[in-house]
Amino acid sequence: MAEKFDVVDVIRHKRDRLKLSSDEIAWTIDAYTRGVVGDEQMAALAMAIFLNGMDRQEIVEWTNAMIESGERMDFSGLGRVTADKHSTGGVGDKITLPLAPLVAAFGVAVPQLSGRGLGHTGGTLDKLEAIPGWRANLSNEEIMHQLGLEGCGAVICAAGSGLAPADKKLYALRDVTSTVDCIPLISSSIMSKKIAEGTGSLVLDVKVGSGAFMKELEQARELAQTMVDLGTDAGVHTVALLTDMSTPLGLKVGNALEVEESVEVLAGGGPADVVELTLALAREMLSAAGQPDADVEAALKDGRAMDVWRQMIVAQGGDVDAPLPVAKHSHDVVATESGVLETLDALSVGVASWRLGAGRAFQGEPVQAGAGIELFAKPGEEVKKGQKLMTLFTDEEARFERALESLDGGVVIGTAAPAQNSVILDRITRS
């Protein structure tokens with residue numbers, strides 16, 4: 001059967017800054033999913049989109065075509081309202097772990113279909129796999145059971161291969177062709193999966209700063225607005241928070257270390273910035289689910305969220321009481337002078353943690369569960385010469401040298417305390 005379009009014409013149209021028609025977009029995504037359009041051709045088109053952009057209608061059509069490439073999940077029979085959260089990724093961003101059980105403690109179903117880390121940003125599934133026995137891959141039946149009235153109401157698992165398969169192919173291609181940080185491609189990638197997932201409402205955590213994809217506030221605002229509009233147009237109640245990723249979130253970076261810190265939050269403790277963001281996102285999710293007055297602080301303090309966490313981990317095979325893996329080697333970084341910690345750069349810490357073995361350089365590379373960094377000071381705090389600023393952890397001692405190189409210039413001690421601002425920078429709703 002003859003194809004409706006020639007992909008070379010589609011590439012040329014976008015190369016020449018022309019608008020792609022809805023038919024061209026639908027055919028291109030379908031043909032790429034079927035293997036008729038090759039990776040080298042889609043790479044050329046992705047670069048043309050990266051350089052020349054897409055208008056709002058093109059982004060909507062591109063997103064819809066990716067949704068139509070696979071199946072849709074249907075949570076209407078759960079007996080619970082659904083709410084979901086998606087983060088664009090950062091350093092020390094373990095918020096999904098305490099957030100999902102906290103929101104589920106109020107009877108809302110939380111289907112957190114999550115991913116793995118690549119480069120300096122950690123992956124939620126990698127973190128949870130530090131728990132002995134825990135498994136990420138669940139069948140649709142298992143997901144529905146865990147979310148339903150007979151389950152705990154929260155699930156954190158891998159997205160099935162049937163959801164937006166075109167995005168899975170394109171995501172891997174973008175990663176190796178330097179077309180990741182492109183607003184039309186990021187927004188359609190995230191929102192195609194989330195809309196296909198079938199959640200009733202969605203809260204987006206769009207990170208801004210050195211440790212995020214979006215380094216500048218206006219760039220992040222544009223991405224957030226694009227995604228909020230895409231979700232709203234598709235009938236999903238969608239809002240976004242712009243949040244600070246100039247410094248790592250919390251005090252622990254790395255898989256088992258971040259699980260440990262998440263449990264501290266669920267026990268009513270944990271670092272102030274992690275607690276602040278967890279509570280803010282929980283309020284947004286519960287408000288969208290019809291519970292604007294839910295007392296989320298109380299659910300952390302009285303153990304209800306911890307109870308759901310334990311049920312959720314056990315339901316996925318995890319040994320909730322087993323000790324978490326600990327790295328074989330550690331190395332302390334101390335302050336070289338006294339003063340105020342002015343800068344603790346998120347990207348520097350993220351790359352160091354990645355080089356220690358907490359992250360991967362390519363899809364499928366194994367990660368070390370115990371590798372990472374524990375921080376002992378945050379910007380604005382006074383430090384004394386010789387004081388321990390952080391401890392690096394890895395199973396392979398040879399990794400310390402390159403990890404320490406990545407911290408060069410990322411830790412600045414001076415005399416002026418930086419302004420202590422909220423981790424939440426702005427809230428974005430439908431334009």
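So, how was this worked out
- Residues numbered from 1 in each chain as written.
- Predicted model: local features only at pLDDT ≥ 70, side-chain atom pairs only at ≥ 80, totals over all residues.
- Heavy atoms only, no water.
- UniProt positions renumbered as here; feature names shortened; annotations may be inferred.
- Salt bridge = Lys/Arg side-chain N within 4 Å of Asp/Glu carboxyl O.
- Helix = DSSP H or I, 4+ residues; strand = E, 2+ residues; numbered from the N terminus.
- Buried < 20%, exposed > 50% of the residue type's maximum accessible area, 1.4 Å probe, protein only.
- Domains from an automatic or database assignment.
- Contact = heavy atoms within 4.5 Å.
- Buried area = accessible area lost by both parts, 1.4 Å probe.
- Axes fitted to C-alpha atoms, helices over the stretch in contact; angles between N-to-C directions.
- Left-handed = near helix turned anticlockwise from the far one by under 90°.
- Nonpolar A, V, L, I, M, F, W, Y, C, P; charged D, E, K, R; others polar.
- Polar contact = N/O pair within 3.5 Å; in protein donor to acceptor, adjacent residues only side chain to side chain.
- Core = buried A, V, L, I, M, F, W, Y, C linked by side-chain atoms within 4.5 Å.
- Expected span 1.5 Å × (residues − 1).
- 1 Å grid on protein atoms, 1.4 Å probe; cavity = no way out; pocket = protein on both sides within 12 Å on 5 of 7 lines; lining within 4 Å.
- Points joined across faces, edges and corners; volume = space filled by probe spheres on them.

- Looking at an unreviewed UniProt entry, one finds the chain named Thymidine phosphorylase, with Arcanobacterium bovis as its source organism.
- One UniProt comment on the chain, placed under Sequence similarities (unreviewed entry), says "Belongs to the thymidine/pyrimidine-nucleoside phosphorylase family."
- In its Subunit (unreviewed entry) section, UniProt records this for the chain: "Homodimer."

### Digging into the pattern of salt bridges
- Overall, the coordinates contain 31 salt bridges when judged by the stated rule.
- Ionic pairing is found between Asp233 and Arg56, a salt bridge with its closest N-O pair at 2.8 Å. A residue pair is termed long-range when its members are at least 10 positions apart, and Asp233 in helix H10 (residues 217–233) and Arg56 in helix H4 (residues 56–68) qualify at 177 residues.
- We classify Asp233 as partly exposed; its relative accessible area is 40%.
- Across the pair Asp229 and Arg430 runs a salt bridge, and its minimum N-O distance is 3.6 Å. Taken together, the residues Asp229 in helix H10 and Arg430 in the segment after strand E13 (424–428) connect sequence positions 201 residues apart.
- Under the relative-accessibility criterion, Arg430 is labelled partly exposed at 39%.

### Focus: the domain arrangement of the chain
- The domain architecture assigned to the chain consists of domain 1 (7–69), domain 2 (83–160 + 178–322) and domain 3 (329–414).
- The partner domain 3 presents 27 residues to the 24 residues of domain 2 that form the contact.
- Summed over both sides, the interface between domain 2 and domain 3 buries roughly 1800 Å², with carbon and sulfur atoms accounting for 59% of that surface.
- Here domain 2 is connected to domain 3 by two salt bridges.
- With a shortest N-O distance of 2.9 Å, Asp126 and Arg360 are connected by a salt bridge.

### Some details on the packing of helix H2 (residues 22–34) against H4
- Across the interface, H2 lies against H4 with an axial gap of 9 Å and an inter-helix angle of 30°. With respect to the hand of their crossing, H2 and H4 are arranged in right-handed fashion. Here Ser22, Ile25, Ala26 and Ile29 of H2 lie close against H4, whose contacting residues are Glu58, Glu61, Trp62, Ala65 and Met66.
- In the contact of H2 with H4, the residues fall into six nonpolar, one polar and two charged.

### Focus on the side chain of Ser187
- Along the polypeptide, Ser187 turns up in helix H9 (residues 183–197).
- On the basis of relative accessible area, Ser187 is assigned to the buried category, the value being 0%.
- A distance of 3.2 Å separates the side chain of Ser187 from the backbone oxygen of Pro184, its partner in a polar contact.
- Excluding residues within four positions of it along the chain, Ser187 makes contact with Ile59, Leu223, Thr226, Met227 and Leu230.

### A closer look at the nonpolar core
- Of all hydrophobic cores here, the largest spans 73 residues; its most connected members are Leu102, Val103, Leu128, Trp309, Ile373, Met390 and Leu392.
- Filtering out sequence-adjacent residues up to four positions away, Val103 remains in contact with Val108, Val110, Ala282, Met285 and Leu286.
- Formed by 59 residues, the second largest nonpolar core is a distinct cluster that contains Val10, Leu45, Leu170 and Leu173.

### Side note on H10
- Helix length check: H10, at 17 residues, gives a terminal C-alpha distance of 24 Å against a target of 24 Å (1.5 Å per residue), a fit within 8%.
- Buried within H10 are the following residues: Ala220, Leu223, Ala224, Thr226, Met227, Val228, Asp229, Leu230 and Gly231.
- On its buried face, H10 sits against H4, H9, strand E4 (201–208), strand E5 (237–244) and E13.
- Of the residues trailing H10, Gly235 is marked for its positive phi of about 90°.

### Some thoughts on the side chain of Lys378
- Looking at where Lys378 falls in the secondary structure, it is placed in the loop between strand E9 (372–375) and strand E10 (382–383).
- Judged by its relative accessible area of 12%, Lys378 falls in the buried class.
- A polar atom in the side chain of Lys378 sits 3.0 Å from the backbone oxygen of Gly250.
- Ignoring any residue separated from it by four or fewer positions in sequence, one finds Lys378 in contact with Thr247, Pro248, Leu249, Gly250, Leu251, Asp273, Leu341 and Leu344.

### Some details on the environment of Pro379
- Its location among the elements puts Pro379 in the loop between E9 and E10.
- The buried category is assigned to Pro379, whose relative accessible area is 15%.
- Separated by 34 residues in sequence, Pro379 and Asp345 have C-alpha atoms that sit 9.4 Å apart.
- If we skip the residues at most four places from it in the chain, Pro379 touches Thr247, Leu341, Glu342, Thr343, Leu344, Pro418 and Gln420.

### Thoughts on the layout of surface pockets
- Volume-wise, the second largest pocket comes out at about 610 Å³.
- If you go around the second largest pocket, you meet 23 residues; those closest to its centre are Asp244, Thr247, Pro379, Gln420 and Asn421.
- Elements supplying a minimum of two residues to the lining of the second largest pocket: helix H12 (272–288) and strand E8 (339–344).
- When the residues that make up the lining of the second largest pocket are grouped by side-chain class, the tally is eleven nonpolar, six polar and six charged.
- Built from parts of two domains, the lining of the second largest pocket gets at least three residues from each of domain 2 (83–160 + 178–322) and domain 3 (329–414).

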